[in-house]
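Coordinate analysis (summary)
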Amino acid sequence: MSLLAQLTRLSALADIALTEKQKQQLVGYVELLVKWNKAYNLTSVRDPQQMLVRHIMDSIVVNGQLRGTSFIDVGTGPGLPGVPLAIVRPDSHFVLLDSLGKRIRFLKQVQHELGLNNIEPVQYRVEEYQAETGFDGVISRAFASLSDMLSWCHHLPSASGQFYALKGVVRDEELADLPAGFSIESVTDLKVPELDEQRHLVIISIK
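What counts, and where the lines are drawn
Residues numbered from 1 in each chain as written. Predicted model: local features only at pLDDT ≥ 70, side-chain atom pairs only at ≥ 80, totals over all residues. Heavy atoms only, no water. Helix = DSSP H or I, 4+ residues; strand = E, 2+ residues; numbered from the N terminus. Buried < 20%, exposed > 50% of the residue type's maximum accessible area, 1.4 Å probe, protein only. Contact = heavy atoms within 4.5 Å. Pairing = 2+ DSSP bridges. Axes fitted to C-alpha atoms, helices over the stretch in contact; angles between N-to-C directions. Right-handed = clockwise from strand over helix to strand, strands pointing away. Core = buried A, V, L, I, M, F, W, Y, C linked by side-chain atoms within 4.5 Å.

**Some details on the environment of Phe182**
- Positionally, Phe182 belongs in strand E6 (residues 182-189).
- The exposure class assigned to Phe182 is buried, which follows from its relative accessible area of 12%.
- Between the C-alpha atom of Phe182 and that of Ser147, which follows or precedes it by 35 residues, the distance is 9.9 Å.
- Once you skip the residues sitting within four places of it in the chain, Phe182 turns out to touch Leu150, His154, Phe163, Ile204, Ser205, Ile206 and Lys207.

Okay, structure coming up:
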């Protein structure tokens, strides 16, 4: 099955509506990942069909939960979940933050080849990055613990902004161990088509 046909099937299973342009961009992103992965080792997932499940669908299933138009994806790696979310949210702006130069070089190539004007790849350590204005959402996927995320990223959201942590298994002790000044808004069980693993979205607000 072609990548386009597979993506069409998976998005239908997840009840996610995508335009033809968005499908082409998402498949184009997977193709770039495959191409650059050989030299840059961007992801341990090698099979493009698996990338559709583990990277594309795993990222865009949270789209309906996001609020606002300005986001920062901290520790974005090869652009996950920021690039897929930017494709399905063309009216939102995403800063893609990573400390490794090779990842940022890859993301600039993605930006150029896919014509993504709403992403901004930035090479910086998250605790040192300063934005002119706070973000509506601070997003992380497979990042550190919630406690570390909040400690390192506390300066990034606006006063009404939220933290969105995409996680696998969520443990009660991790939820209980938040720094002062933050509260759990919700913990959502995510269903990713054809992925037989736990996925959760934890949304955290500033008190």
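**What to know about the sheet that holds strand E1 (residues 70-74)**
- One open sheet accounts for seven strands, arranged E3-E2-E1-E4-E5-E7-E6; its pairing is mixed. Both outer strands of the open sheet, strand E3 (119-123) and E6, are each paired with one neighbouring strand and no more. Going from strand to strand, the sheet's axes swing by 20° on average, the running direction of each strand aside.
- The pairing of E1 with strand E4 (residues 135-141) spans three bridges and is parallel. Bridge pairing in E4 places Asp73 opposite Ile139.
- Running at roughly 160° to E3, helix H5 (residues 101-114) makes contact with strand E2 (93-98) and E3 of the sheet.
- Along the sheet, helix H6 (residues 146-153) makes contact with E1, E4, strand E5 (157-167), E6 and strand E7 (200-206), crossing E5 at roughly 150°.

**Looking at the pairing of E2**
- Within E2, five of the six residues are buried, which leaves the element mostly enclosed by the surrounding structure.
- Across five bridges, E1 lies against E2 in parallel orientation. Paired with Phe71 across the two strands is Phe94, which belongs to E2.
- Of the crossover connections in this fold, the one passing from E1 over helix H4 (residues 82-88) to the parallel E2 is right-handed.

**With respect to unusual backbone geometry**
- Cis geometry is found at the peptide bond from Leu80 to Pro81, where omega equals 5°.
- Within the secondary structure, Pro81 is located in the loop between E1 and H4.
- In the Ramachandran plot, Asn41 falls in the positive-phi region, its phi being about 50° despite a non-glycine side chain.
- Inspection of the secondary structure assignment puts Asn41 in the loop between helix H2 (20-40) and helix H3 (48-60).
- You will see that Glu194, though not glycine, has its phi angle at about 65°, which is positive.
- Tracing the backbone shows Glu194 in the loop between E6 and E7.

**Describing the nonpolar core**
- Of all hydrophobic cores here, the largest spans 46 residues; its most connected members are Tyr29, Val83 and Phe106.
- At the level of elements, helix H1 (3-13), H2, H3, H4, E2, H5, E5 and E7 are the ones that each hand at least two residues to this core.
- Among the elements that make up this core, the one with the highest residue count is H2 (seven residues).
- When sequence neighbours within four positions are dropped, the list of residues in contact with Tyr29 reads Ile56, Pro78, Gly79, Leu80, Val83, Pro84, Phe106, Val110 and Leu114.
- With 21 residues, the next largest nonpolar core counts Val126, Val138, Leu146 and Met149 among its residues.

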